[in-house]
Amino acid sequence: MMHYRVGDIEVITLVDGHGRAPNALFPDYEADRAAAAARQAGEDYDGETVEVPIHGFALRHGGEITLVDAGAPDGYADTTGAYLDSLAAAGIDPAGVTRLAMTHLHVDHVGQMADAAGKARFPNAELFSGAGDWDHFFGDAPYAATRTGGRERASFDLTRHACRPYADRRHDVAGETEIAPGITMLPLPGHTPGHSGIRLSDGGETLLIWGDTIHAAAFQMAEPDWGVLFDVDRAAARATRKRLFEQLANDGTPILGPHVPRPGPWRVERAPIGYRLAPL
Ligand SMILES: [Zn+2]
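Quick caveat, the model's predicted, so the values are computed rather than measured. (Residues numbered from 1 in each chain as written. Predicted model: local features only at pLDDT ≥ 70, side-chain atom pairs only at ≥ 80, totals over all residues. Heavy atoms only, no water.)

### Things to note about helix 1 (residues 31-41)
- The set of residues buried in helix 1 consists of Ala34, Ala35, Ala37, Ala38 and Gln40.
- The secondary structure elements touched by the buried residues of helix 1 are helix 7 (217-220) and strand 14 (275-279).
- Two residues or fewer past helix 1, Gly42 is found with a positive phi of approximately 70°. (Buried < 20%, exposed > 50% of the residue type's maximum accessible area, 1.4 Å probe, protein only. Helix = DSSP H or I, 4+ residues; strand = E, 2+ residues; numbered from the N terminus. Contact = heavy atoms within 4.5 Å.)

Structure follows, in structure tokens:
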């Protein structure tokens, strides 16, 4: 288990697993550039698929527990499904979780919020998500735009199943908002309408959990223009990613992310090709 401290805030990485995404997930993918990017990152390149880790985070702060994201749903991939075991191994009782601070409501981030019967797994937790995400995933129009029986429709259904039990205790977070002392949600729009970062600040230290700013470090650190097929607004996601890389390379704020390689935390550095993640 990996623990970090940001002042008095303890950050625990809760591993769910990992998957191999097809390189075609990146619409701008070019084999030569991908190979060079992976080489710079010190990662293997196989020409077909790329590693996408999946994890969430638990924050212990002021006697409370906040979860940042909550794993993929059962059966998401052969190599995922460890989230609840990771939670138990961290000694976290689901009933003791008071906040769910979501980077966004895609299914690999909300998957374990409800059990198979649709009951809240965190009965005492309030749900915080960036303004626009709930409306996107529960709105009629985006749902109707997905194909019946298709993968995207199934993904909407899974998100709805996981989030519905929190409908009467949820908060749309607009702009930069401190949701608990030292824990601030901030908009990083594009990947989803309400996609957010979670900034931790305590005792003069800062760390940013940057959500799905990247899915594959091997490609996107060097190629920040590359988004993913399921970016809701790919141009906005690209602009957010490039702005953030530049800002982080300048200010040196450490980062973690649900799809960032472990163990971290990392700093963003300028590199011969674009940027790279450097250990602290
Ligand atoms: Zn994701």
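### A look at helix 8 (residues 234-251)
- The end-to-end C-alpha distance of helix 8, which contains 18 residues, comes to 25 Å, matching closely the 26 Å that a straight helix rising 1.5 Å per residue would cover.
- Looking only at helix 8, the buried set comprises Ala237, Thr240, Arg241, Leu244, Phe245, Leu248 and Ala249. The arc that holds the buried residues of helix 8, viewed along the axis, is 150°, so those residues lie on one side. Along helix 8, the residues that are exposed and aim more than 90 degrees away from the buried face are Ala235 and Asn250.
- A side-chain oxygen of the first residue of helix 8 lies 3.3 Å from the backbone nitrogen of Ala235; this N-cap is Asp233.
- Gly252, located one to two residues past helix 8, shows a positive phi value of around 75°. (Expected span 1.5 Å × (residues − 1). Arc of directions from axis to C-beta. Polar contact = N/O pair within 3.5 Å; in protein donor to acceptor, adjacent residues only side chain to side chain.)

### Focus on the sheet that holds strand 3 (residues 49-61)
- Judged by pairing direction, the sheet is mixed, and its 7 strands sit side by side in the order 1-2-3-4-5-6-7 without closing on themselves. The open sheet is flanked by strand 1 (2-6) and strand 7 (170-173), the only strands paired with a single partner. Mean inter-strand twist for the sheet, computed between neighbouring axes without regard to direction, equals 25°.
- Looking at chain direction, strand 5 (residues 97-101) and strand 6 (residues 126-130) are connected through 3 bridges and run parallel. Each bridged residue has a counterpart across the sheet, and for Leu100 the counterpart in strand 6 is Leu127. (Pairing = 2+ DSSP bridges. Axes fitted to C-alpha atoms, helices over the stretch in contact; angles between N-to-C directions.)

### Thoughts on the environment of Arg234
- Position of Arg234 relative to the elements: it lies in helix 8.
- It is 9.3 Å that separates the C-alpha atoms of Arg234 and Thr192, two residues lying 42 residues apart in sequence.
- Among all residues touching Arg234, those that are not within four sequence positions of it are Pro27, Gly227, Val228 and Leu229.
- In terms of polar contacts, Arg234 uses its side chain to reach the backbone carbonyl oxygen of Val228, at 3.4 Å.

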